[in-house]
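One letter stands for each residue in the lines below.
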Amino acid sequence: VLPMFVYGLGAAKCGTTWLYEYLRAHPDCHVRGVKELNYFYAINTANMPKVVERLESEIIRTEDNMHMASPAEVAKKSAELLDMRDYMRVLKTCREDKNAYFRYMMLGMRGQKLVADISPNYCYVGAEMLAAMLPTAPNTRFIYFMRDPVARFWSHLRMNVRKALKAGADFEAELRVALKHELDGSTTDVSAHSDYAGVLADMEAVIPAERRLVMFYE
């Protein structure tokens, strides 16, 4: 009997990391060691190089930090590295091997009742791709987290600026520049993740009511 398959769609800065960590620690759940797989965001789109580059950077960062880890952390990080390298092979072969993702997700199963892929970028893959994700397993479910839109917007914007901040740069000044860019009406990942209505419409169009759950960060 196949386990329940759960997709976490986002939005960003709405508790998806908490959900990933909670499910990964639960004995009845099977969650691989790569957070935010973004498979359905990348497959058949121009986003694949970006997803591969991000994973390559994470592998290098994990390897570089290994010498600072405690013995317990080394074991955990080594397992995560194996997962990341496994997933890198999926990304590089998935267009020819359509079952690579499913095999990766199921590898290591020990009778758990649930498998999960929590990737906030799934919130804007569109109704057609959500429909393609629905038959992953006989009991596929979708979870979408929302949050007060202003609080979510600011949290996402601050995170993006902090990640891109160069040494010596003024955080507040860079934040003002980023805010002006958003208010100019530019399409960004921040604005895309803020489109709750669009995501809900896509979900309602293709996902049966009993297979979708919408919750609030608060």
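Preceding this paragraph is the structure being described.
Sequence order sets the numbering: in each chain, residues are counted from 1 along the sequence as written. With pLDDT at 70 or above as the cut-off, local features in this predicted model cover only qualifying residues; side-chain atom pairs require 80 or more to be listed or tallied, and sums for whole chains, interfaces and linings still use all residues. The basis for the side-chain values is all heavy atoms of the structure; hydrogens and waters are excluded.

Caption draft 1: Representation of the overall build of the chain. Looking only at helices and strands, one finds 10 helices and 5 strands in the chain. Relative to the globule expectation of 17 Å for 218 residues, the C-alpha radius of gyration of the chain, 18 Å, shows essentially globular dimensions. With the C-alpha coordinates of the chain rotated into their principal frame, the extents come out at 55 × 50 × 35 Å. Residue exposure (1.4 Å probe, protein chains only): buried if accessible area is under 20% of the type maximum, exposed if over 50%, otherwise partly exposed. Expressed as a percentage of the 218 residues in the chain, the buried residues total 43%. By definition in these notes, contact holds between two residues if any of their heavy atoms fall within 4.5 Å. Across the chain, contacts joining residues at least 24 apart in sequence account for 76% of those joining residues at least 6 apart. The method behind every accessible area is Shrake-Rupley, applied with a 1.4 Å probe, and residues are considered shielded solely by the protein chains displayed. For the chain, the accessible surface area stands at approximately 12000 Å², while carbon and sulfur atoms represent 57% of it. As used throughout, the charge tally considers Lys and Arg to be positive and Asp and Glu to be negative, leaving His and the chain termini uncounted. One atom stands in for each charge, and that atom is NZ of Lys, CZ of Arg, CG of Asp or CD of Glu. Of the side chains in the chain, 28 bear a positive and 28 a negative charge, and the two mean positions are spaced by 3 Å. Under the scheme used here, helices are H or I runs from DSSP no shorter than 4 residues and strands are E runs no shorter than 2 residues, and both carry numbers assigned from the N terminus. C-alpha atoms define the radius of gyration, and 2.2 Å times the number of residues to the power 0.38 defines the globule rule.

Caption draft 2: Local environment of the packing of helix 7 (residues 149–164) against helix 8 (residues 171–183). Contact pair helix 7 / helix 8: the axes reach a minimum separation of 10 Å and the direction vectors enclose 120 degrees. Judged by the inter-axis angle, helix 7 sits oblique to helix 8. Classified by chirality, the crossing of helix 8 by helix 7 is right-handed. Residues Phe153, Trp154, Leu157, Arg158, Val161 and Arg162 of helix 7 form the contact with helix 8, whose own contacting residues are Phe171, Glu174, Leu175, Ala178, Leu179 and Glu182. When residue character is reported, Ala, Val, Leu, Ile, Met, Phe, Trp, Tyr, Cys and Pro are called nonpolar, Asp, Glu, Lys and Arg charged, and the others, Gly included, polar. Looking at the contact of helix 7 with helix 8 residue by residue, the class counts come to 8 nonpolar, no polar and 4 charged. Lines fitted to the C-alpha atoms define the axes, with helices restricted to the stretch that makes contact. Angles between their N-to-C directions range from 0 to 180 degrees. Orientation categories follow fixed angle ranges, with anything under 35 degrees roughly parallel, anything over 145 roughly antiparallel, 65 to 115 roughly perpendicular, and all other angles oblique. Handedness of each helix crossing follows the sense of rotation of the near helix against the far helix: counterclockwise by less than a right angle gives left-handed, clockwise gives right-handed.

Caption draft 3: Structural view of the sheet that holds strand 1 (residues 4–8). The strand order across the open sheet formed by 5 strands is 2-3-1-4-5, and the pairing between neighbours is parallel. What marks the edges here is a single partner per strand, and that holds for strand 2 (29–30) and strand 5 (212–216). Pairing between strands is defined by DSSP: at least two bridges between them are needed. As paired elements, strand 1 and strand 4 (residues 140–146) share 4 bridges and run parallel to each other. Paired with Tyr7 across the two strands is Phe142, which belongs to strand 4. Strand contacts of helix 1 (residues 16–25): strand 2, strand 3 (114–118) and strand 4, with the helix running at about 155 degrees to strand 3, the strand carrying the most contacts.

Caption draft 4: Structural view of unusual backbone geometry. With an omega dihedral of 0 degrees, the bond running from Gly10 to Ala11 counts as a cis peptide bond. Turning to its location among the elements, Ala11 is positioned in the loop between strand 1 and helix 1. Unusually for a residue other than glycine, Lys13 sits at a positive phi of about 65 degrees. Mapped onto the fold, Lys13 is located in the loop between strand 1 and helix 1. Among the residues examined, Lys13 registers a relative accessible area of 31% and is labelled partly exposed. Even without being a glycine, Asn38 presents a positive backbone phi close to 60 degrees. Along the polypeptide, Asn38 turns up in the loop between strand 2 and helix 2 (39–42).

Caption draft 5: Molecular detail of the environment of Val115. Looking at the element boundaries, Val115 is found in strand 3. Overall, the relative accessible area of 0% leaves Val115 in the buried class. Separated by 113 residues in sequence, Val115 and Leu2 have C-alpha atoms that sit 9.5 Å apart. The contact partners of Val115, leaving out residues within four places of it in the chain, are Pro3, Met4, Phe5, Val6, His30, Met105, Met106 and Met109.

Caption draft 6: Seen up close, the pattern of salt bridges. For this analysis, a salt bridge means a side-chain nitrogen from Lys or Arg found within 4 Å of a carboxyl oxygen belonging to Asp or Glu. A complete count under the given rule lists 12 salt bridges for this structure. Between Arg32 and Asp83 there is a salt bridge, with its nearest N and O atoms 2.6 Å apart. Linking Arg32 in the loop between strand 2 and helix 2 with Asp83 in helix 4 (residues 71–93), this pair joins segments that are 51 residues apart in sequence. Residue Arg32 is classed as buried on the basis of its relative accessible area of 6%. One salt bridge connects Arg89 with Asp86, and the closest N-O pair in it is separated by 2.4 Å. Taken together, the residues span about one helical turn, with Arg89 and Asp86 both in helix 4 at a distance of 3 residues.

Don't take any of this as a statement about function, it's just geometry.
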